[in-house]
Amino acid sequence: MRFFCLLVLATITASGCFPWKNPDKPREYRSLTAALKDSDKVEFLNLYESNLREVPADMFKLSRLKELRLRKNAIVNVPAGLSGLKDLAGLDLGECQLAAVPPDLASMPGLKRLWLNDNAIVTLPSSMGGMASLEYLNLDRNRLGVLPDEIGNLKKMKYLRLNENSITNLPSTLKDLVGLERLYLGRNAIKVLPDSIGQMAGLRHLDLRENGLTELPGSLTALVNLEDLDLQGNGLTRLPKDMGKLQKLKNLRLERNRISKEEIQKLKALLPDCFVVF
């Protein structure tokens, strides 16, 4: 009977019969005009696909802003003034037309989430190493060739997305991202992984698909917290012999490599609880 009541309650709640409003979510403003009327209390401004060609100067009057979304606008440059938004924790500049990282970002140590994906950014300034609070950084689909050594200063980073760039080498300082849980490096030009990758003990998800890797360092097996490993579309013929150490591994993607069926069977024996796709 108790189970039945709980089931009914869950069903009613899921159906929307009970009015629910998340008390922690601030009101989302979708117009700068409306936001300026409440400038002393606006925390969330979403100007997604608003046909903007520049960041309106009036926006910097919203001193209490915590979340700002400017995605999918034709914004080439972000003017000085962004760093004046001291409470800003999330900034979305994805799918704009940025060729460089806005210089003001280095003066925003409180920023936690930053989207710069789908732009035309070629390099990252070393000053980004000063963004000490950054936890999520999305740089997918830009034109990056190298990463600055200072990226290792981002100690609070948990999610780092670098898919579909032109990265050829990883800096040794990447191992200093001690809190990193998810690292996405798919579709780059990384031919060799540094041994230091084995020191990134907090990694749970590692995406290395379509890079042209022909071998992996033995140190990879030191990533004992790894749950998902994507290696599809490389030139691998075998994996490190100590793969059995990765007992938390749940998913292993090996499609479009040159690994023999015999080698696959060995892997399955070493990792009986892992779903291997080949």
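Residues numbered from 1 in each chain as written. Predicted model: local features only at pLDDT ≥ 70, side-chain atom pairs only at ≥ 80, totals over all residues. Heavy atoms only, no water.

Participant: With reference to specific residues and values, describe the overall build of the chain.
Facilitator: What the chain contains, in helices and strands, is 3 helices and 12 strands. Summarising its shape, the C-alpha atoms of the chain cover approximately 70 × 60 × 30 Å along the three principal directions. By residue count, 46% of the 278 residues in the chain fall in the buried class. Taking as baseline every contact in the chain between residues at least 6 positions apart, the subset at least 24 positions apart corresponds to 25%. Only carbon and sulfur atoms are counted for the fraction: they give 52% of the accessible area of the chain, which is about 14400 Å². Of the charged side chains in the chain, 40 are positive and 33 negative, and the gap between their average positions amounts to 3 Å. (Helix = DSSP H or I, 4+ residues; strand = E, 2+ residues; numbered from the N terminus. Buried < 20%, exposed > 50% of the residue type's maximum accessible area, 1.4 Å probe, protein only. Contact = heavy atoms within 4.5 Å. Areas by Shrake-Rupley, 256 points an atom, 1.4 Å probe, with all protein chains shown as cover. Lys, Arg positive; Asp, Glu negative; His and termini not counted. Charge placed at Lys NZ, Arg CZ, Asp CG, Glu CD.)

Participant: Before we move on, could you go through the sheet that holds strand β4 (residues 90-92) and cite the residues and values that matter?
Facilitator: Reading across the sheet, the 12 strands line up as β1-β2-β3-β4-β5-β6-β7-β8-β9-β10-β11-β12 and stay open at both edges, with parallel pairing between neighbours. The sheet is open, and its two borders are formed by β1 (28-29) and β12 (275-277), each paired with just one other strand. Bridge count for β1 against strand β2 (residues 44-46) is 2 bridges, and the pairing is parallel. Pairing of Y29 across the sheet is with L45, part of β2. (Pairing = 2+ DSSP bridges.)

Participant: Go over empty space enclosed by the protein with me, naming the residues and quoting the values.
Facilitator: The gaps left among the atoms become clear once a water-sized probe is rolled over them. Per the stated rule, a full pass over the model turns up 3 cavities of 30 Å³ or more. Within this model, the largest cavity holds a volume of roughly 50 Å³. Lining the largest cavity are L124, M128, G129, L137, P148, E150, I151 and L154. By residue class, the composition of the lining of the largest cavity is 6 nonpolar, 1 polar and 1 charged. (1 Å grid on protein atoms, 1.4 Å probe; cavity = no way out; pocket = protein on both sides within 12 Å on 5 of 7 lines; lining within 4 Å. Points joined across faces, edges and corners; volume = space filled by probe spheres on them. Nonpolar A, V, L, I, M, F, W, Y, C, P; charged D, E, K, R; others polar.)

Participant: Account for the pattern of salt bridges, naming residues and giving values.
Facilitator: In total, this model carries 21 salt bridges according to the counting rule given. The closest approach of N and O atoms between R209 and D230, which form a salt bridge, is 3.9 Å. A residue pair is termed long-range when its members are at least 10 positions apart, and R209 in the loop between β9 (205-207) and β10 (228-230) and D230 in strand β10 qualify at 21 residues. Just as R209 is buried, D230 falls in that class too. It is possible to trace a salt-bridge network through shared partners that takes in D118, R141, E164, R187, E210 and R256. (Salt bridge = Lys/Arg side-chain N within 4 Å of Asp/Glu carboxyl O.)

Participant: Requested: an account of the packing of aromatic side chains, with residues and values cited.
Facilitator: For the structure shown, the criterion picks out 2 aromatic pairs. Ring geometry for Y136 against Y159: centres 6.1 Å apart, planes inclined by 40 degrees, an arrangement best described as tilted. Of this pair, Y136 sits in strand β6 (residues 136-138) while Y159 sits in strand β7 (residues 159-161), and the two are 23 residues apart along the sequence. Looking at Y136, the relative accessible area reads 17%, which means it is buried. Aromatic ring contacts, followed pair by pair, group W115, Y136 and Y159 into a single cluster. (Phe/Tyr/Trp six-rings, centres within 6.5 Å; stacked < 30°, edge-to-face > 60°.)

Participant: Which residues make up the confidence of the model for the chain, and what values go with them?
Facilitator: Mean pLDDT over the chain stands at 91; residues scoring 70 or higher make up 92%. Low pLDDT, under 50, characterises residues 1-23; the predicted model gives this stretch 4 contacts beyond four residues in sequence or across chains. (pLDDT = per-residue confidence, 0-100.)

Participant: An account of helix α3 (residues 261-270) is requested, with residue identities and associated values reported.
Facilitator: Where α3 is concerned, the buried positions are E263, I264 and L267. Buried positions in α3, seen along its axis, are confined to an arc of 100 degrees and lie on one side of it. Of the exposed residues in α3, the ones pointing more than 90 degrees away from its buried face are K261, E262, K266 and A269. (Arc of directions from axis to C-beta.)

Participant: So what about unusual backbone geometry? Which residues, and what values?
Facilitator: Positive phi values are uncommon outside glycine, yet N51 reaches one of about 60 degrees. Within the secondary structure, N51 sits in the loop between β2 and β3 (67-69). Look at N51 and you get exposed, because its relative accessible area is 73%. Residues other than glycine seldom take positive phi values, yet R256 does so here, at roughly 60 degrees. Among the structural elements, R256 can be located in the loop between β11 (251-253) and α3.

Participant: I'd like a rundown of the side chain of N257, residues and numbers included.
Facilitator: Relative to the helices and strands, N257 is located in the loop between β11 and α3. For N257, a relative accessible area of 16% corresponds to the buried category. A distance of 3.1 Å separates the side chain of N257 from the backbone oxygen of L254, its partner in a polar contact. Here N257 is in contact with L231, Q232, G233, N234, G235 and L236, once residues within four sequence places are set aside. (Polar contact = N/O pair within 3.5 Å; in protein donor to acceptor, adjacent residues only side chain to side chain.)

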